[in-house]
Amino acid sequence: MSTATTEFVAKDFKSDLKPIWCPGCGDFGVLTALYRALAEIGKAPHDLAFISGIGCSSRIPGYSTAYGFNAVHGRALPISLGVKTSNPDLTVIVASGDGDGFSIGGGHVPHIIRKNPDITFLVMDNFIYGLTKGQVSPTSGKGLKTVSTPYGSMEERVNPLLYTLSYGAKFVAQGTPADMKGLAKILEEAIRFPGFAFVNIQSPCVTYGEERDMIKGQKEYMKNLEEMNHDTSNKAKAIEIALEYGDSIHTGILYRDPNPGPSYTDLIKNLQEESKSKAVAKDKILEMFRPRLK
Amino acid sequence: MNNNLIIGMAGAGGDGVVSAGDSLITALALDKYHAILTKSFGPQIRGGESSFKLRVSTKQVRSIGEHLDLAIALNWDDFLKFGAELPISEKTIVIYDSNTGIEPENIPIKGKPARVFSIPIEEMAIKTAKTNRAKNVVVLGLISGWYGIAESGIITGIRNKFTKKGAEVLKGNEDAFYEGVRYAKENPISSGDIKLAQPLADAKLKLLTDGNDICAAAAIFAGCEFFGGYPITPSSEIMQLLSREIWKYSGVTVQMEDEIAGVASAVGGSFAGKKSLTATSGPGMSLKSEIFGLATMAELPLVIVNVQRGGPSTGIPTKSEQSDLFQAVFSAHGDVVRPVLAPIDVEDVFTMTVEAFNIAEYYQTPVIVLSDAELAQRKEVIDDIDVSKFKILNRKKPTEAELENYVRFKFTDDNISPISHPGMPKGNYLAAGIEHTETGAPTSGGEMHAKMIEKRTKKLDPIKKRSDLFITYGDAKAEIALISWGSCAGVAMEACDLANEAGIKVKLLIPKLIYPIAESVYNDFFKSVKKGLVVEQNYLGQLFHVIRMFVSTPDGLKPFSKAGSNPFGAIEIFEKLKAL
Ligand SMILES: Cc1ncc(C[n+]2csc(CCOP(=O)(O)OP(=O)(O)O)c2C)c(N)n1
Ligand code: SF4
Ligand SMILES: [Mg+2]
């Protein structure tokens, strides 16, 4: 892209819309980290497409100057696939919530991982349904009392890190606005990764969340993978770390496939390139139905 | 001489009935006849009983017709399973395999056909090809011999198919065919001349295709570059043809994990600026409907093909019905108008698919094409389509000046706002399923919501003036009317002809634009009308009722709607008209 060399600063990606989030919501921090990451990447806002579903977290596209699509609940991933495959030159980022991404939209996750398009999937994981005012979410801990589980949830939580790793995601990371610098860096790496990249973001819901999951609480049990000298190419180790989801917050890249190979979008481009010469003129397209004596 | 002939055949799995039908229609197309072929299957996934019905003519035919001229039963059990598809009259000649051991006077069918012949089909197959699998080839020889048709095409077909299986197999099948021809010549089935008239002198080599394949071709012709879908009978062939061809045109076909994902990906493709398509059938339509609303709200062009089958729920996946009209028109929450088009035959599937893309792109709206299993799967020999007469419309892009201060959902005189797409500098905007202002900013303001609904509705008003999306047929001043749509329309045309030939003045209206209801077209049509029938293949009379929501219809206009998977016959409609 001709615009890739232009210098951008974080505020070039900030739109005029004022976020409707509750003061102190973790999503503010995520947004700031995103602006920074996008400035680092240096692609013009018009070459970025931000796709989201519905939820507090899914409001993110509106707060960016990029092209945005705030679609319907749970379907951001398949929409993003259509966008990316239609125009592989775009940088496509999906913003989602734990409910949007792992409940109603959860069925799409394995399939987009299998396809491995060059798309970045961000889930603002706050262990709760924020927008609909505090119901239990698929990542809520067992026993959590919410308005829809007044006697405590009776279900195990989904583990987003394990879920994506075990379906074969080639890039899995976790971050939190409690570490803004780290988060911006993770987002940048995820966007740069040439394939499907998943980042679970522990973005606290200050209104319906638990004390322990607030920025202050998080700091108690955050563990920095870089400081732990974690080898990001070691998938077995990544899975071991992922198993601690819910107990500790590991920040950083859990797994990055060192040999990611061509993405789905690369394969599509190749097939289109190879097929081009076989096209008959469109006004002759019906000739394929001409009966022939072979 | 006949210029019209209807043949039906049924047999067990492995008898090659369907492949015989395919060979026959290909050979007839090569002979430059017009023809339509329908196939029916038992419920088995593969290898169960099957049948074909083929109508061949020197002129264009509008439906598969009714009673058979020639019925072929390889065994009676299986033939009887297709009783409704293969109706026999007192004019039918029936042949069946002598190996059934039944005497001609004892065959298990109702009524009395013109003539019945027991013929050693299996015996001839074994004698020549050393296998009973060549029974279908013997039958092709019989048909070719009796009616004097299709010989060179069938023989070429046999060579194409069997050459790779070795000289012996090829020779066996050739011999089986000529054994059939010989038998036919030595044993005429009619005392009169039953030969089919020669194709018209100026007949040209035509096209042979079905409604699904031509739909996919039409999409490419219209400029479609994205297809997202999920397999479902009877629509899958649309995805399959596109997944073979679309790459050549820089397009993409994706088989997604379910129908919601299929249509969602197509909406994504459209947002990215590409003409996008999804195709499905009943259950898939039900799943997709939330996303249709998203496309309406975000004003994104999208074409949806619904190849209707028997419903609700799984219904009858392999059989045709016209019972998804209410769904196409109404399945939306909120105030939504969504154009719905219905093609009437295989050729029209091309026209309506291109039209659907044009309307979708020009008006920035989802458009539903209501095809059905009958159109989708019947093979038809069609005249060449003059594609140069088609205009291809594209979405209106913002001008340089408009991009200086781009307002995506700007209120305009025609309520259509120029649309950008990701990658277009200065066109950046937020598309949303949430209500928005002109710039795309989310809003919960009631006044803005009302204005936006009006914009999204009114932009479609000009479509209601599209009288070219209607066919009027028959006697323009008639007091008796027929209205019919989709695959039933061709039968209604034949019924209209029958009536007018019998001195009963009848006119016919065929809406290819199902929705929005073109009030003025109906009002004009109804001016002379006192009574009539709305003919459609569903139980509730769905078109009948939707018309009446918007138009006051003559008191004597009644629904003639019939559920069940067997199409109407022209005589049946004519009889009903007479009884009005
Ligand atoms: C089909 C559908 N069902 C339900 C909803 C209501 N709904 C909107 S957002 C949401 C859950 C949001 O939770 P999450 O995805 O975790 O996002 P958060 O608000 O916590 O960021 C629900 C249930 C909807 N919009 N659409
Ligand atoms: S409800 Fe929770 S997630 Fe939603 S804006 Fe408020 S703090 Fe953020
Ligand atoms: Mg949440």
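A few points on the structure. (Residues numbered from 1 in each chain as written. Chains lettered and ligands numbered in written order. Predicted model: local features only at pLDDT ≥ 70, side-chain atom pairs only at ≥ 80, totals over all residues. Heavy atoms only, no water.)

**So, the overall build of chain B**
Looking only at helices and strands, chain B features 19 helices and 21 strands. Within chain B, the fraction of its 580 residues that count as buried is 61%. At a minimum sequence separation of 6, the contacts of chain B that also span at least 24 residues come to 74%. In the structure as shown, chain B presents an accessible area of about 21,500 Å², 51% of it carried by carbon and sulfur atoms. Side-chain charges in chain B split into 64 positive and 69 negative, and the spacing between the mean points of these groups amounts to 2 Å. (Helix = DSSP H or I, 4+ residues; strand = E, 2+ residues; numbered from the N terminus. Buried < 20%, exposed > 50% of the residue type's maximum accessible area, 1.4 Å probe, protein only. Contact = heavy atoms within 4.5 Å. Areas by Shrake-Rupley, 256 points an atom, 1.4 Å probe, with all protein chains shown as cover. Lys, Arg positive; Asp, Glu negative; His and termini not counted. Charge placed at Lys NZ, Arg CZ, Asp CG, Glu CD.)

**Considering the site of ligand 1**
Residues and elements named next belong to chain A. Residues in close proximity to ligand 1 total 17 residues, the closest being Cys-56, Ser-57, Asp-98, Asp-100 and Gly-130. Contact between ligand 1 and Asp-98: an oxygen atom at 2.6 Å from a side-chain N or O atom of the residue. Contact distances for ligand 1 include 3.1 Å between an oxygen atom and a side-chain N or O atom of Asn-126. Protein burial of ligand 1: of its 590 Å² of free accessible surface, 77% is covered by the chains. When contributions to the shell around ligand 1 are tallied by element, the ones reaching two or more residues are helix 3 (98-104) and strand 5 (128-129). Sort the elements by how many residues they give to the shell around ligand 1 and helix 3 lands first, with four residues. Taken together, the residues of the shell around ligand 1 break down into six nonpolar, eight polar and three charged. (Near = heavy atom within 4 Å. Polar contact = N/O pair within 3.5 Å; in protein donor to acceptor, adjacent residues only side chain to side chain. Nonpolar A, V, L, I, M, F, W, Y, C, P; charged D, E, K, R; others polar.)

**Section: the environment of Gly217(A)**
Residues and elements named next belong to chain A. Along the chain, the position of Gly-217 falls in helix 7 (residues 215-220). Between the C-alpha atom of Gly-217 and that of Phe-50, which follows or precedes it by 167 residues, the distance is 30 Å. Setting aside its immediate chain neighbours within four residues, Gly-217 contacts Glu-211 and Arg-212.

**Some remarks on the side chain of Thr265(A)**
Residues and elements named next belong to chain A. In this fold, Thr-265 is placed in helix 9 (residues 264-275). Within the structure, the side chain of Thr-265 is placed 3.0 Å from the side chain of Ser-263, a separation counted as a polar contact. The contact partners of Thr-265, leaving out residues within four places of it in the chain, are Lys-84, Thr-85, Pro-88, Pro-117 and Asp-118.

**A word on the coordination of the magnesium ion (ligand 3)**
Residue and element names in this part refer to chain A. Each protein donor to the magnesium ion (ligand 3) is listed here as Asp-98 (OD), Asn-126 (OD1) and Ile-128 (O); together their distances run 2.0 to 2.2 Å. In primary sequence terms, the donor set of the magnesium ion (ligand 3) follows D-x27-N-x1-I. Here Asp-98, found in helix 3, pairs with Asn-126, found in the loop between strand 4 (119-124) and strand 5; they are 28 residues apart in sequence, far enough to count as distant. Using a relative accessible area of 14% as the deciding quantity, one classes Asn-126 as buried. (Donors = N, O, S within 2.8 Å, 3.2 Å for Na, K, Ca; no water.)

**Digging into the packing of aromatic side chains**
As enumerated under the stated definition, the model contains 30 aromatic pairs over all chains in all. For the ring pair Phe525(B) and Phe526(B), a centre distance of 5.8 Å and an interplane angle of 65° mean the geometry is edge-to-face. Accessibility classification places Phe525(B) together with Phe526(B) in one group, the buried group. Each residue in the set Tyr67(A), Phe69(A), Phe271(B), Tyr406(B), Phe409(B) and Tyr429(B) is aromatic and connected to the rest through ring pairs, giving one cluster. A cation over an aromatic ring shows up here: Arg408(B) above the ring of Tyr429(B), its NZ or CZ 5.4 Å from the ring centre. (Phe/Tyr/Trp six-rings, centres within 6.5 Å; stacked < 30°, edge-to-face > 60°. Lys NZ or Arg CZ within 6 Å of the ring centre and 35° of its normal.)

**Some points on the packing of helix 1 (residues 26-41) of chain A against helix 6 (residues 180-192) of chain A**
Residues and elements named next belong to chain A. Contact geometry for helix 1 and helix 6: axes closest at 8 Å, N-to-C directions at 50°. Judged by the angle between their axes, helix 1 and helix 6 are oblique. Judged by the sense of rotation from one axis to the other, the crossing of helix 1 with helix 6 is right-handed. Where helix 1 approaches helix 6, its residues Gly-29, Val-30, Thr-32, Ala-33, Leu-34, Arg-36, Ala-37, Leu-38, Glu-40 and Ile-41 are matched on the opposing element by Met-180, Leu-183, Ala-184, Leu-187, Glu-188, Ile-191 and Arg-192. (Axes fitted to C-alpha atoms, helices over the stretch in contact; angles between N-to-C directions. Parallel < 35°, antiparallel > 145°, perpendicular 65-115°, else oblique. Left-handed = near helix turned anticlockwise from the far one by under 90°.)

**Focus: a nonpolar patch on the surface**
Residue and element names in this part refer to chain B. A contiguous nonpolar patch, built from Phe-330, Met-549 and Phe-550 and spanning about 280 Å² of accessible area, is present on the exposed surface. Turning to its location among the elements, Phe-550 is positioned in helix 18 (residues 542-550). The exposure class of Phe-550 is partly exposed, given its relative accessible area of 33%. (Patch = residues over 30% accessible without salt bridge, like charges linked within 9 Å, V, L, I, M, F, W, Y side chains within 5 Å. Salt bridge = Lys/Arg side-chain N within 4 Å of Asp/Glu carboxyl O.)

**Side note on the packing of helix 2 (residues 76-86) of chain A against helix 9 of chain A**
Residues and elements named next belong to chain A. Closest axis-to-axis distance for the helix 2/helix 9 pair is 10 Å, and the angle between their directions is 40°. With respect to helix 9, the element helix 2 is oriented oblique. Along this stretch, helix 2 crosses helix 9, giving a crossing that reads as right-handed. For the pair formed by helix 2 and helix 9, the contact residues are Leu-81, Lys-84 and Thr-85 on the first element and Tyr-264, Thr-265 and Ile-268 on the second. Its residues placed into classes, the contact of helix 2 with helix 9 shows three nonpolar, two polar and one charged.

**Digging into the nonpolar core**
Across soluble globular proteins, nonpolar side chains have a tendency to be buried as a group. Among the nonpolar cores identified, the biggest contains 146 residues, and Ile51(A), Phe69(A), Leu286(A), Ile238(B), Leu277(B) and Phe350(B) are the most heavily contacted of them. Element by element, the count of residues in this core is highest for helix 12 (residues 346-363) of chain B, at 10 residues. Ile25(B), Ala35(B), Phe52(B) and Ile93(B) belong to the second-largest nonpolar core, a separate cluster that totals 52 residues. (Core = buried A, V, L, I, M, F, W, Y, C linked by side-chain atoms within 4.5 Å.)

**Some remarks on a positive patch on the surface**
Residues and elements named next belong to chain B. A surface patch of like charges, here positive, comprises Arg-133, Lys-161, Lys-164 and Lys-165. Within the secondary structure layout, Lys-161 lies in helix 5 (residues 151-162). The exposure class of Lys-161 is partly exposed, given its relative accessible area of 38%.

**Examining the pattern of salt bridges**
It is possible for side chains of opposite charge to pair when their charged atoms get near one another. Residues and elements named next belong to chain B. For the structure on display, the rule yields 46 salt bridges over all chains. We note a salt bridge from Lys-81 to Asp-78, for which the minimum N-O separation is 3.0 Å. Taken together, the residues Lys-81 and Asp-78, both in helix 2 (residues 76-81) and three residues apart, mark about one turn of the helix. Its relative accessible area of 8% is what places Asp-78 among the buried residues. Arg-182 is the salt-bridge partner of Glu-186, the closest N and O atoms lying 2.6 Å from each other. You can see Glu-186 and its partner Arg-182 sitting in helix 6 (residues 167-186), four residues apart, about one turn around the helix. Since its relative accessible area comes to 51%, Glu-186 is described here as exposed. The partly exposed category is assigned to Arg-182, whose relative accessible area is 33%.

**Re the side chain of Ser371(B)**
Residue and element names in this part refer to chain B. Here Ser-371 lies in strand 13 (residues 366-372). What makes Ser-371 buried here is its relative accessible area of 3%. Contact partners of Ser-371, with chain neighbours within four places excluded, come to Val-305, Asn-306, Val-307, Gln-308, Pro-343 and Ala-376.

**Comments concerning the interface of chain B and chain A**
If you look at the interface, chain B gives 68 residues, while chain A gives 52 residues. Interface area, chain B with chain A, both sides summed: about 4,800 Å², of which 70% is carbon and sulfur. Where chain B meets chain A, there are two salt bridges. Between Glu257(B) and Lys115(A) there is a salt bridge whose closest N-O contact spans 3.9 Å. (Buried area = accessible area lost by both parts, 1.4 Å probe.)

**Digging into empty space enclosed by the protein**
Residues and elements named next belong to chain B. Within the structure shown, the criterion is met by eight cavities of 30 Å³ or more. Quantified by volume, the largest cavity comes out at close to 80 Å³. Ser-63, Ile-64, Val-491, Pro-567 and Phe-568 are, among the 14 residues lining the largest cavity, the residues nearest its centre. By residue class, the composition of the lining of the largest cavity is five nonpolar, four polar and five charged. Mapped onto the domain boundaries, the lining of the largest cavity takes at least three residues apiece from domain 1 (4-186) and domain 4 (466-579). (1 Å grid on protein atoms, 1.4 Å probe; cavity = no way out; pocket = protein on both sides within 12 Å on 5 of 7 lines; lining within 4 Å. Points joined across faces, edges and corners; volume = space filled by probe spheres on them. Domains from an automatic or database assignment.)

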